[in-house]
Amino acid sequence: MVDETEKKEFELTGKHVLAIVVSAFAVIIGVNLFMAYSAVGTFPGLETQNSYVASQQFDQQKAAQEALGWDVAARVDGETLILDIKDQAGEPVEVTSLYGLLGRATHVKEDQEPAFSQGSNGAYMAQVGLLGEGNWNLRLNVVADNGTTFQRRIPIFISAN
């Protein structure tokens, strides 16, 4: 005699397997769609209109830039961005023009173009306000007195203290 109070044993059917497979693929596709949307939504855009044309003169521009022998460093002190450009002798460099774009690597909403002025110690300074902690990039485009273009991306880390 069979006791009716016994539990019925679970049986894995085709419907269960189908539900598991469909659920797994739904999660994978959903995550992929979210990641693709996030990547496209935060892409700041093109760096250059035609990368092939820009690449044709890369080696010459790099050699001219390295021939300057500049040592470039940037840091943030409070609300001031300080940019040190020194020559091979360690002396401050005076430049014809200086353009910088300070921002995050992941989005452009906090980007700003600092207005640099050269201080008495030779360093270039700009007021940038209080920056949030994390990684920042300073993209420089400097023209030397001899007309050589100097371009550099300088990462700056802002800590919480």
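It should be noted that the structure appears before, not after, this text.
First, a word on scope: everything that follows refers to the structure included in this document. Counting restarts for each chain: residues are numbered from 1 in the order of the written sequence. Reporting of local features is limited, given that this is a predicted model, to residues whose pLDDT is at least 70; pairs of side-chain atoms are given and counted only at 80 or more, and all residues count toward the totals for whole chains, interfaces and linings. The side-chain numbers reported here are obtained from all heavy atoms of the structure, hydrogens and water having been left aside.

Quick notes on the sheet that holds strand β3 (residues 97-103)
So, step 1. Across the sheet, 3 strands lie side by side as β3-β6-β7; this open sheet has antiparallel pairing. Each edge of the sheet is formed by a strand with only one pairing partner; in this case those strands are β3 and β7 (149-158). Ignoring which end each strand starts from, the neighbouring axes of this sheet average 15 degrees apart.
So, step 2. Two strands pair if DSSP finds at least two bridges between them. A helix here means a DSSP run of H or I that spans at least four residues, while a strand means a run of E at least two residues long, and both kinds are numbered starting from the N terminus. For strand β6 (residues 134-143) and β7, the ladder comprises 10 bridges, and the chain directions are antiparallel. By the bridge assignment, G134 is partnered in β7 with I158. Axis definition: a line fitted to C-alpha atoms, over the contacting stretch in the case of helices. Angles run 0 to 180 degrees between N-to-C directions.

Overview of a nonpolar patch on the surface
So, step 1. Where nonpolar side chains cluster on the molecular surface, the patch consists of F10, L12, V17, I20, V21, F25, I28, I29 and L33 and spans about 920 Å² of accessible area.
So, step 2. One can find I29 in helix α1 (residues 14-42). For patches, a residue must show more than 30% relative accessible area and have no salt bridge; joins then use 9 Å for like charges and 5 Å for nonpolar side chains, namely Val, Leu, Ile, Met, Phe, Trp and Tyr. Using the Shrake-Rupley algorithm and a 1.4 Å probe, accessible areas are obtained, with residue cover drawn only from the displayed protein chains. By salt bridge we mean one thing: a side-chain nitrogen of Lys or Arg within 4 Å of a carboxyl oxygen of Asp or Glu.

Some remarks on the pattern of salt bridges
So, step 1. All told, the structure shown has 2 salt bridges when counted by the stated rule.
So, step 2. The salt bridge partner of D84 is R75, with a shortest N-O separation of 3.2 Å.
So, step 3. R104 is the salt-bridge partner of E110, the closest N and O atoms lying 3.3 Å from each other.

So, the packing of aromatic side chains
So, step 1. For Phe, Tyr and Trp, where Trp contributes only its six-membered ring, two rings pair if their centres lie within 6.5 Å, and the inter-plane angle classes them as stacked under 30 degrees, edge-to-face over 60, or tilted in between. Summed over the entire model, instances satisfying the criterion amount to 1 aromatic pair.
So, step 2. With a centroid separation of 5.1 Å and 45 degrees between ring planes, the pair formed by W70 and F150 is classed as tilted. Taken together, the positions of W70 in the loop between α3 (58-68) and β1 (71-77) and F150 in strand β7 put the pair 80 residues apart, joining distant regions of the chain. For the pair formed by W70 and F150, the shared burial category is buried. Relative accessibility under 20% of the residue-type maximum defines a buried residue, over 50% an exposed one, and the middle range a partly exposed one, all with a 1.4 Å probe and only protein chains included.

Here we look at the environment of T80
So, step 1. Here T80 is to be found in strand β2 (residues 80-86).
So, step 2. It is 8.4 Å that separates the C-alpha atoms of T80 and L130, two residues lying 50 residues apart in sequence.
So, step 3. Within polar-contact distance, the side chain of T80 engages the side chain of Q127 at 3.0 Å. Here a polar contact is taken to be a pair of N or O atoms separated by no more than 3.5 Å, where protein atoms must pair a possible hydrogen donor with a possible acceptor and residues adjacent in sequence count only if both atoms sit in side chains.

Things to note about the sheet that holds β1
So, step 1. Strand order in this open sheet of 4 strands is β1-β2-β5-β4, and the pairing throughout is antiparallel. Either end of the sheet is taken by a strand with one partner, and the two such strands are β1 and β4 (117-118).
So, step 2. Examined bridge by bridge, β2 and strand β5 (residues 124-127) share 4 bridges and lie antiparallel to one another. Bridge assignment links L81 to a residue of β5, and that residue is A126.

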